[in-house]
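Structural overview for review
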Amino acid sequence: VQLQASGGGLVQAGGSLRLSCAASGRTFSSYNWAWFRQAPGKEREFVAASRRSGSYTYYEDSVKGRFTISRDNAANTVYLQMNSLKPEDTAVYYCAAGSGTILSMTRQPGGYNYWGQGTQVTVSS
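What counts and what doesn't
Residues numbered from 1 in each chain as written. Predicted model: local features only at pLDDT ≥ 70, side-chain atom pairs only at ≥ 80, totals over all residues. Heavy atoms only, no water. Phe/Tyr/Trp six-rings, centres within 6.5 Å; stacked < 30°, edge-to-face > 60°. Helix = DSSP H or I, 4+ residues; strand = E, 2+ residues; numbered from the N terminus. Buried < 20%, exposed > 50% of the residue type's maximum accessible area, 1.4 Å probe, protein only. Core = buried A, V, L, I, M, F, W, Y, C linked by side-chain atoms within 4.5 Å.

Our next topic: the packing of aromatic side chains. Enumeration over the complete set of coordinates arrives at eight aromatic pairs. Here Phe36 and Tyr112 contribute two aromatic rings whose centre-to-centre distance is 5.6 Å and whose plane-to-plane angle is 75°, an arrangement assigned as edge-to-face. Here Phe36 is found in strand S4 (residues 32-38), whereas its partner Tyr112 is found in the loop between strand S9 (91-98) and strand S10 (114-115), with 76 residues between them in sequence. Tyr112 carries the same exposure label as Phe36, and that label is buried. Summarising the aromatic geometry, the rings of Tyr112 and Trp115 are spaced 6.5 Å apart at their centres and angled 75° between planes, so their arrangement reads as edge-to-face. According to the relative accessible area criterion, Tyr112 is buried, its value standing at 7%. Here Trp115 falls in the partly exposed class, since its relative accessible area comes to 27%.

As structure tokens, then:
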């Protein structure tokens, strides 16, 4: 099983990026998907999640209204559309997939079984 994240890069504040995470090795249509990020010297933090078929989405407060998580179950891919980017969004972004059923674990790294390698997002001021 492999998750391959892509789409990161350098962008000016106010700009947009779209991250993608393609899964291979098994079907993830019934899994929960999430994006986390980790800035230098900080712990990994939750960004967004899409539970099960994608009917439910969750966002960290600082990205609500700017980021959108979506998924293409047929393509085994999850996306993170990031608009109105800010310098504080700079981090390595990781995608994750998990089969857990405990709602409280949606925002926790421990709620996910599979992780991508990370993609760097840098937002300049």
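Ranked by size, the top nonpolar core spans 27 residues in total, and within it Trp35, Leu80, Met82 and Tyr93 carry the most contacts. Grouped together as the second largest cluster of nonpolar side chains are six residues, Phe36, Ala49, Ala96 and Tyr112 included.

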